[in-house]
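# Notes for the structure review
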Amino acid sequence: MLPSWRVKAPSKPARARSATTYALYAVLALLGLYLVYSYRALPPPLTYRRTTSPLLVAASSFLPAPDSRPAHLPAPLAPRRPGMVVPNAVHYVYGLKPVELGKGEPLPYYAYLAMRSALLNLQPEKIYFHYQHLPTGPWWRLIEPHLTLVRTDVPDMVMGRPLAHFAHKADVVRLLAMKHSGGVYLDIDVFVTKSFDDLYYFPTTMGMEAATESYRSALDPTGLCNAVIISAPNAPFIDRWLLSYESFEEGNWAGHSVEKPWELARQNPDEVQVLGPRAFFWPMWYGEEIQYTHERDDWDFYGSGQYAYHAWESLAMHYLAELSPTAIFATDTSFHRLVRPFVGPDDERVFRELAAGAPADD
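Predicted, not measured: the structure shown is a model, and the values here were computed from it.

### Description of the pattern of salt bridges
- Scanning all chains against the criterion turns up 16 salt bridges.
- A salt bridge links D187 to R174; the shortest N-O distance between them is 3.3 Å. In this pair, D187 is assigned in the loop between β6 (183-186) and β7 (190-192) and R174 in helix α4 (residues 166-180), connecting sequence segments 13 residues apart.
- We note a salt bridge from R296 to D298, for which the minimum N-O separation is 2.7 Å.
- One salt-bridge network, in which partners are shared between bridges, spans D297, D332, R337 and R340.

### Regarding the layout of surface pockets
- Here the largest pocket defines a volume of roughly 1,200 Å³.
- Together, 42 residues line the largest pocket, and A167, D187, W253, E313 and S314 are the ones closest to its centre.
- Contributing elements (two or more residues each) for the lining of the largest pocket: β1 (89-94), α4, α6 (255-267) and α8 (313-320).
- Considering every element that reaches the lining of the largest pocket, the biggest residue donor is α4, with six residues.
- Looking at the lining of the largest pocket residue by residue, the classes come out as 22 nonpolar, eleven polar and nine charged.

### Brief notes about the nonpolar core
- Residues L113, L186, F191, F196 and F280 are the most contacted members of the largest nonpolar core, which totals 60 residues.
- A per-element tally of this core places helix α2 (residues 109-122) first, with nine residues.
- Among all residues touching F280, those that are not within four sequence positions of it are F196, L199, M206, G207, V228, I230, L275, Y307, A308, Y309 and H310.
- Ranked by size, the runner-up nonpolar core spans 26 residues in total, among them V173, Y185, I229 and L242.

### Some points on the packing of aromatic side chains
- Under the defined criterion, the tally for this structure stands at 18 aromatic pairs.
- With centroids separated by 5.3 Å and ring planes inclined at 45 degrees, the aromatic side chains of W139 and F351 adopt a geometry described as tilted. Of this pair, W139 sits in helix α3 (residues 138-143) while F351 sits in helix α11 (residues 347-355), and the two are 212 residues apart along the sequence.
- According to the relative accessible area criterion, W139 is buried, its value standing at 5%.
- When the ring of F196 is compared with that of F280, the centres are 5.9 Å apart and the planes differ by 55 degrees; the resulting orientation is tilted. In this pair, F196 is assigned in the loop between β7 and β8 (204-209) and F280 in the loop between β11 (273-275) and α7 (289-295), connecting sequence segments 84 residues apart. Per residue, the accessibility class of F196 equals that of F280, and both read buried.
- Taken together, the ring pairs connect F196, F280, F281, Y307 and W312 into an aromatic cluster.

### Here we look at the packing of α4 against helix α5 (residues 236-243)
- Interaxial distance between α4 and α5 falls to 9 Å at its minimum, and their mutual angle equals 145 degrees. Both α4 and α5 take part in a crossing whose hand is left-handed. Side by side, α4 and α5 meet where L175, L176, M178 and K179 of the first sit next to I238, D239, W241 and L242 of the second.
- Along the lines of polarity and charge, the residues of the contact of α4 with α5 split into six nonpolar, no polar and two charged.

### Some words on α2
- For α2, with 14 residues, the first-to-last C-alpha span of 20 Å sits near the 20 Å given by 1.5 Å per residue.
- Most of α2 sits inside the fold, with eleven of its 14 residues counted as buried.
- Three or more residues of α2 are buried, namely Y109, Y110, A111, Y112, L113, A114, M115, R116, S117, A118 and L122.
- Note on α2: the residue one or two positions beyond its end, Q123, has a positive phi of about 45 degrees.

### Side note on the environment of G137
- With respect to the secondary-structure elements, G137 resides in the loop between β2 (126-131) and α3.
- Relative accessible area serves as the criterion here: at 1%, G137 is assigned to the buried category.
- In the structure, G137 is positioned 32 residues away from E105 in sequence and 8.0 Å away in space, judged by C-alpha atoms.

### Re the pairing of β2
- The buried count for β2 comes to five of six residues, which makes it a mostly enclosed element.
- The pairing of β1 with β2 spans six bridges and is classified as parallel. Residue Y92 lies in a different strand from β2, and its bridge partner there is F129.
- Of the strand pairs in this sheet, β2 and strand β3 (residues 148-151) are connected by four bridges, and their pairing is parallel. Paired with Y131 across the two strands is R151, which belongs to β3.
- Regarding topology, α3 serves as the crossover connection from β2 to the parallel β3, and that connection is right-handed.

### Observations regarding the packing of α5 against α6
- Direction vectors running N to C along α5 and α6 enclose 125 degrees, while the axes themselves pass 10 Å from each other. Between α5 and α6, the crossing angle belongs to the class labelled oblique. As α5 runs across α6, the sense of the crossing is right-handed. Across from F237, R240 and W241 in α5, the residues of α6 making contact are H256, S257, P261, L264 and A265.
- Taken together, the residues of the contact of α5 with α6 break down into five nonpolar, two polar and one charged.

The rules behind each value
- Residues numbered from 1 in each chain as written.
- Predicted model: local features only at pLDDT ≥ 70, side-chain atom pairs only at ≥ 80, totals over all residues.
- Heavy atoms only, no water.
- Salt bridge = Lys/Arg side-chain N within 4 Å of Asp/Glu carboxyl O.
- Helix = DSSP H or I, 4+ residues; strand = E, 2+ residues; numbered from the N terminus.
- 1 Å grid on protein atoms, 1.4 Å probe; cavity = no way out; pocket = protein on both sides within 12 Å on 5 of 7 lines; lining within 4 Å.
- Points joined across faces, edges and corners; volume = space filled by probe spheres on them.
- Nonpolar A, V, L, I, M, F, W, Y, C, P; charged D, E, K, R; others polar.
- Core = buried A, V, L, I, M, F, W, Y, C linked by side-chain atoms within 4.5 Å.
- Buried < 20%, exposed > 50% of the residue type's maximum accessible area, 1.4 Å probe, protein only.
- Contact = heavy atoms within 4.5 Å.
- Phe/Tyr/Trp six-rings, centres within 6.5 Å; stacked < 30°, edge-to-face > 60°.
- Axes fitted to C-alpha atoms, helices over the stretch in contact; angles between N-to-C directions.
- Left-handed = near helix turned anticlockwise from the far one by under 90°.
- Expected span 1.5 Å × (residues − 1).
- Pairing = 2+ DSSP bridges.
- Right-handed = clockwise from strand over helix to strand, strands pointing away.
- Parallel < 35°, antiparallel > 145°, perpendicular 65-115°, else oblique.

Printed below as a string of structure tokens:
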């Protein structure tokens, strides 16, 4: 008896093999026909052809386009690294509110700490401080050497729509700075917790502000809050946002600062990268969240992975106004732990001088 490995397996009849082969050929032929006709059904790529008229002016002979950048706005700085498109600059808009003639308001301590957070964690080439009325006081004197002052032209109208309130004017000033200069815009009560470098490779980045209604999902926010804007100069999303002011209404407080950019982002998702609510605007402002942030120690701003914290100054002012270096180091709260790294080497001395009666607004 032959070993099993020497025994030939019975072969398929030639007719069966031929039928299988023909069926395979038929399938491949049908697939080929399908691909050919599918390709033919696609519309041809749109191509343009210039006229051959001798009257044609070559584009290479055009004069350079005029610079539309307003004279008071700085030219864009270079990005920090190759591949980045966002300039290495930070912008603040401050002091647009009318003040008594010749007298600016003292810069509050929390605003000084917020600007130090950007200085330390973003390490920008320049921090532009756009203003109409400069602040005063010891905290201003400490931070001013780190700033590039830009006296701004405050608009009274945009896209044919009047601007009355200074907050709405500030909304437009920041967009014009982003369009013509680019970089990072921050509200004066935004505390930066880590580098934004990974966000500088896309033309525009914004973060969601969560909705206050519990029935709405995380993907149904109030909008994209303009307290933090990261943008390259001449970014399409910023241009589109400015053009949308054709429908601006003074009485709709958050209409164009929060709701409109979210509407534009959903219509043009390739123009802006959107971060979730916990990127810049968490904890939120409603309920007891501000109280918990300032009175309890159960939120770790540095362990959360968020980039920054918007402190909701108008609602948290009674906490922010009481900040001092002593309190920051003596009391363990979520907010105090957040701002400790930003306390400057001269802060304690300045507070002692203020407590001893030194003027706060000289």
